[in-house]
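For reference, the chains in residue letters:
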Amino acid sequence: MLNLASQNVRDTASKIELYTSKLSAELQDMREAVYPPAARKTFARTFSTLDLVRLLKVPESTLRQLTIEGKGPLPERAENNRRTYTVEQVKELRSFLAALRPDDAEDLLPYRRKGEKLQVIATANFKGGSSKTTTSIHLAHFLGLQGYRVLCLDLDPQASMTSLFGIQPEFDLGENETAYAAIRYDNERRSLADVIRPTYFPGVDLVPGNLELMDFEFDTPSYLTQKNRDDLGLFFERLSNALARVEDRYDIVILDTPPSLGYSTLAALYAATSLIVTVHPAMLDVASCNQFLIMISDLSDVLGQFGARFEHDFFRFLLTRVNPNDGPQKYMSGVMRRLFGGDVLVSEALESTAIAGAAVAKKTLYELEAGEVGREALKRAIESADRVNFEILSLVHTVWGRSA
C-alpha cells in the first residue's frame, strides 16, 4: 500500500509538471497571437480632441489652434477626419502646454510638490477574487492618464498584475528580477531601482512579480533567528526602506498584495501610507474580510513588540463587483456602510461585462478601443471606474493639503 501511495504521489507530481508545461506554452502562444511579432504589449487606443479637453481641461479651440500652427505633438487624422492623439502624445502635450501656460502648469503636471510625501497605496484582502488587482491596475492607468508618476509593485506570486502589463512571468522574467530581489536577505540583493521596468503606459513603471516572491516567505523565519541585521532591517521594514531610495522618482506607488497574510503582505501594510480593502458585498466575502481584519489586528499587536505600527493616512473599504439590482448585495452593502460609515468609499466598482471583456484581452477599461466591447457597457464601466479613482485621488490630495 505504501508503495502504491508513493507511486500516486509521483504520478500526480508528474501530471502537474506536464500540465503546467502545456498551459504555459498555450498561454505563450495566445500572448504572441495577440501581440505579434515581438510579443510585447503596446497601448493601441487613441484619444480624440474631446478626450483631451476632459483630461487636460483646455479648450478645444486651443488644441485646434496648436494643430493649425504646427505646434506641439501633431495628431493623426482618423477616417472621419477627426484629430487623434496617441497616449505618448497626451503626455507630451501636458509638458508642452505647461511651458506655454505657466499658470496652469501645476494642473497639467500634477507632480508631488515640496513637502508632499510619497503616497503608497496598498490594495489588500484575504480572499482571492475581491478585485485587488483589477482595482490596482485601473487606479494606476487612471493616475497615469491624469499626469502622475506611478510605480506599481506586484507582490503576488500569482503575478496577475504583471500579466496585465503584458509580461508573462514564467517566460519574460529571469531570476532575481522581481520585488524579492530588492528585499531579500543575502548578498544577491539588488537595489529596487535595478528591477523597476518602464511599461507601455507612459508615466507608469512596474516591479513585476512571479513565483520567486514565495522565497521571501521561506527566508524570513530563518533570518529572524539571526542576530545580524542588514541596512533594510526586519522583514516588515524592508519594502518601506527599499521604496525610500526611489521615492523622488514617483508621486504614487501602488502595491498589489497577495490574497494571504504572509510576510510580504505585512511588509506592504507597513510600507503603505494608505490602505484600500476591496470587498465583494456578499455574505461569504464579507465574512472572509472580517477574518482578514481580525488577523491584521492580532498581528499588529505582535509586531508592535518589534516597533511596527500600521499607521495610514487613510483607510477605506471599496465595494467591488457590485450589481445594484442584486437584493442580497444591496443588503450587505448597507451593512458595511452602517458599520463602517465614512470609511467605505462612496463610489462602488460595478460589475460589468466590459471588465470581463477587457480581462480576456489583458487590458484595462482605459485601454479598450471602440468596438472591443459594447459601447454602453464600456461607458458605464468607465464612469464607475472614474468615480472610484477620482475619490481615491481626492483622498490623496487631502493628505497633500491640496484643494479638490
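1. What to know about the overall build of the protein
The helix and strand tally for the protein stands at 17 helices and ten strands. Whereas a compact globule of 404 residues would reach a radius of gyration of roughly 22 Å, the protein reaches 23 Å, a difference of no more than 12%. When its C-alpha atoms are laid out on the principal axes, the protein stretches across 80 × 55 × 45 Å. When burial is assessed residue by residue, the protein has 48% of its 404 residues classed as buried. In the structure as shown, the protein presents an accessible area of about 20,000 Å², 54% of it carried by carbon and sulfur atoms. Both charge centroids of the protein, one from 46 positive and one from 54 negative side chains, sit 4 Å from each other.

2. Section: the confidence of the model for the protein
Per-chain confidence: the protein averages 88 in pLDDT, with 91% of residues scoring 70 or above. At the level of individual helices and strands, the protein shows its lowest average pLDDT in helix 1 (residues 2-34), which scores 60, and its highest in strand 5 (residues 150-154), which scores 98.

3. Comments concerning the pairing of strand 7 (residues 204-207)
One face of the sheet, then the other: side chains in a regular strand alternate in exactly this way. Burial of strand 7 is two-sided: the residues Val204 and Leu206 facing one way and the residues Asp205 and Val207 facing the other way are all buried. The pairing of strand 5 with strand 7 spans four bridges and is parallel. Following the sheet pairing, Leu151 is matched in strand 7 by Asp205. In the sheet, strand 6 (residues 197-198) pairs with strand 7 via two bridges, with the strands oriented antiparallel. Counted as the bridge partner of Arg197 is Leu206 from strand 7. Between strand 6 and strand 7, which pair antiparallel one after the other, the connecting turn spans five residues, and Gly203 there sits at a positive phi close to 90°.

4. What about the pattern of salt bridges?
Evaluation of the coordinates by the stated rule reveals 19 salt bridges. Salt-bridge contacts for Asp343 lead to Arg316; the nearest nitrogen and oxygen are separated by 3.3 Å. Highlighted residues: Asp343 in the loop between helix 15 (327-340) and helix 16 (353-360) and Arg316 in strand 10 (residues 314-319), separated in sequence by 27 residues. With relative accessibility at 33%, the residue Asp343 sits in the partly exposed group. Relative accessible area serves as the criterion here: at 17%, Arg316 is assigned to the buried category. The network of salt bridges with shared partners includes Arg189, Asp230, Asp231, Arg238 and Arg245.

5. What to know about the sheet that holds strand 9 (residues 274-279)
Taken together, the seven strands give an open sheet; going across it, the order is 6-7-5-8-4-9-10, and neighbouring strands pair in mixed fashion. Unpaired on one side and paired on the other, strand 6 and strand 10 mark the two borders of the sheet. Relative to strand 8 (residues 252-256), strand 5 runs parallel, the two being bridged by five bridges. Bridge assignment links Asp154 to a residue of strand 8, and that residue is Asp256. Here helix 12 (residues 235-244) sits on the sheet in contact with strand 4 (119-124), strand 5 and strand 8, set at roughly 150° to strand 5. Of the strands in this sheet, strand 9 and strand 10 touch helix 15, which is tilted by about 165° from strand 10.

6. Re a nonpolar patch on the surface
Together, Leu211, Met214 and Phe218 make up a nonpolar patch on the protein surface, roughly 340 Å² of accessible area in all. Relative to the assigned elements, Phe218 resides in helix 11 (residues 214-224). Residue Phe218 is classed as exposed on the basis of its relative accessible area of 57%.

What counts as what
- Residues numbered from 1 in each chain as written.
- Predicted model: local features only at pLDDT ≥ 70, side-chain atom pairs only at ≥ 80, totals over all residues.
- Heavy atoms only, no water.
- Helix = DSSP H or I, 4+ residues; strand = E, 2+ residues; numbered from the N terminus.
- Rg over C-alpha atoms; globule rule 2.2 N^0.38 Å.
- Buried < 20%, exposed > 50% of the residue type's maximum accessible area, 1.4 Å probe, protein only.
- Areas by Shrake-Rupley, 256 points an atom, 1.4 Å probe, with all protein chains shown as cover.
- Lys, Arg positive; Asp, Glu negative; His and termini not counted.
- Charge placed at Lys NZ, Arg CZ, Asp CG, Glu CD.
- pLDDT = per-residue confidence, 0-100.
- Pairing = 2+ DSSP bridges.
- Salt bridge = Lys/Arg side-chain N within 4 Å of Asp/Glu carboxyl O.
- Contact = heavy atoms within 4.5 Å.
- Axes fitted to C-alpha atoms, helices over the stretch in contact; angles between N-to-C directions.
- Patch = residues over 30% accessible without salt bridge, like charges linked within 9 Å, V, L, I, M, F, W, Y side chains within 5 Å.

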